Amino acid sequence: MIPVRVYAEDWEIDSRLVPFGVTRAELLEITRAVVAARSDAVADDPASAEGLFAYIYGTRWVRRVFRAKGWIRHRHENIESVRHPDRPLQIVYQSVDLASSNIHTPLAVSGKGSGADRIIDEGQGCLFVDEKSATSPFDPINSGVWFFCVSVNGDDVRAELSLPAGVSGGNFNGFIERIFIIRDGEWAGIHVTESGGLDPTEFEPVVSRKKN
């Protein structure tokens, strides 16, 4: 079994994102939209409103960011995503319990159904079919079904772009690669210039590591 590869340092995060054609700042913009959408829920809304808003705006902004780079809107097995125009590579938005943790792997807040199981099996199943041609444990994987995972626990907001190994028992069953986008303690140091509403804004992310 190939061990999970974690990209957690600034230089390796930036380098690993190059094949996806996006920057960390652009992924921070998706997270900002998710947090803003969740905060729009009020007491008179259904109990699931925060999660529903996060899913809608998370999916919308994943598509907005990646389609600006030439990716294609994709919908298969009732799973909403974006697909690379030339490679077998997809990205799906996902709210999770805790992202970017070295001691915990993300679990989908709403669990994963059979549709997700099938698309992950299809997308990841071809990666290691033949041991002789399998990807080296040290080579990054630029195909498969990736998930942009965001967790919001009060003021603790984190995000990662990760490639799950599969689904078991209704949730993710381990990961092959994890790219930490917003790490523990960083959200408070990300300064965003709001222009009102959920429309695109210009902002300068200022990332500060949490002091021990």
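Within each chain, residues carry numbers counting from 1 in the order of the written sequence. In view of the model being predicted, local features appear only for residues whose pLDDT reaches at least 70, and side-chain atom pairs are presented and counted only at 80 or more, with totals across whole chains, interfaces and linings using the full set of residues. Heavy atoms from the whole structure form the basis of all side-chain values; hydrogens and water molecules are not counted.

(A) Looking closely at the overall build of the chain. Numbering of helices and strands starts at the N terminus; helices are DSSP runs of H or I of at least 4 residues and strands are runs of E of at least 2. A count of helices and strands for the chain gives four helices and nine strands. Relative to its 212 residues, the chain shows a buried fraction of 45%. Any pair of residues with heavy atoms lying within 4.5 Å of one another is described as a contacting pair. Taking as baseline every contact in the chain between residues at least 6 positions apart, the subset at least 24 positions apart corresponds to 59%. Here the accessible surface of atoms and residues is derived via Shrake-Rupley with a 1.4 Å probe, and residues count as covered only by protein chains that are part of the display. Of the roughly 10,900 Å² of accessible surface on the chain, 50% is carried by carbon and sulfur atoms. Residue exposure (1.4 Å probe, protein chains only): buried if accessible area is under 20% of the type maximum, exposed if over 50%, otherwise partly exposed.

(B) Main features of a nonpolar patch on the surface. Together, L52, Y55 and I56 line one region of the surface with nonpolar side chains, adding up to about 260 Å² of accessible area. Here Y55 lies in helix α3 (residues 49-67). A patch is a set of surface residues, each over 30% in relative accessible area and not in a salt bridge, joined within 9 Å for like charges and within 5 Å for the nonpolar side chains Val, Leu, Ile, Met, Phe, Trp and Tyr. In the sections that follow, a salt bridge refers to a side-chain nitrogen of Lys or Arg positioned within 4 Å of a carboxyl oxygen of Asp or Glu.

(C) Local environment of the confidence of the model for the chain. The score called pLDDT rates the predictor's confidence residue by residue, from a low of 0 to a high of 100. Of the residues in the chain, 80% have a pLDDT of 70 or more, and the chain-wide mean is 84. When pLDDT is averaged over each helix and strand of the chain, the minimum, 70, is found for helix α4 (residues 114-125) and the maximum, 97, for α3. A low-confidence stretch, residues 128-135 (pLDDT under 50), is modelled with nine contacts involving residues beyond four sequence positions or located in other chains. For residues 193-208, every residue scores under 50 in pLDDT, and the model assigns this stretch 41 contacts once sequence neighbours within four places are set aside.

(D) Representation of the packing of helix α2 (residues 24-39) against α3 within the structure. Inter-axis angles, ranging from 0 to 180 degrees, are taken between N-to-C directions of lines fitted to C-alpha atoms, where helices are fitted over the stretch in contact. α3 packs onto α2 with a crossing angle of 155° between their chain directions and a minimal axis gap of 8 Å. For the element pair α2 / α3, the angle class is roughly antiparallel. Classified by chirality, the crossing of α3 by α2 is right-handed. The segment α2 lies against α3, with E26, L27, E29, I30, R32, A33, V34, A37 and R38 engaging E50, F53, A54, Y57, G58, W61, V62, V65 and F66. Under this grouping Gly is polar, as are all residues other than the nonpolar Ala, Val, Leu, Ile, Met, Phe, Trp, Tyr, Cys and Pro and the charged Asp, Glu, Lys and Arg. Taken together, the residues that form the contact of α2 with α3 break down as 12 nonpolar, one polar and five charged. If an angle is under 35 degrees, it is roughly parallel; if it is over 145, roughly antiparallel; if it lies from 65 to 115, roughly perpendicular; otherwise it is oblique. Helix crossings are classified by the rotation of the near helix relative to the far one: an anticlockwise turn of less than a right angle makes the crossing left-handed, while a clockwise turn makes it right-handed.

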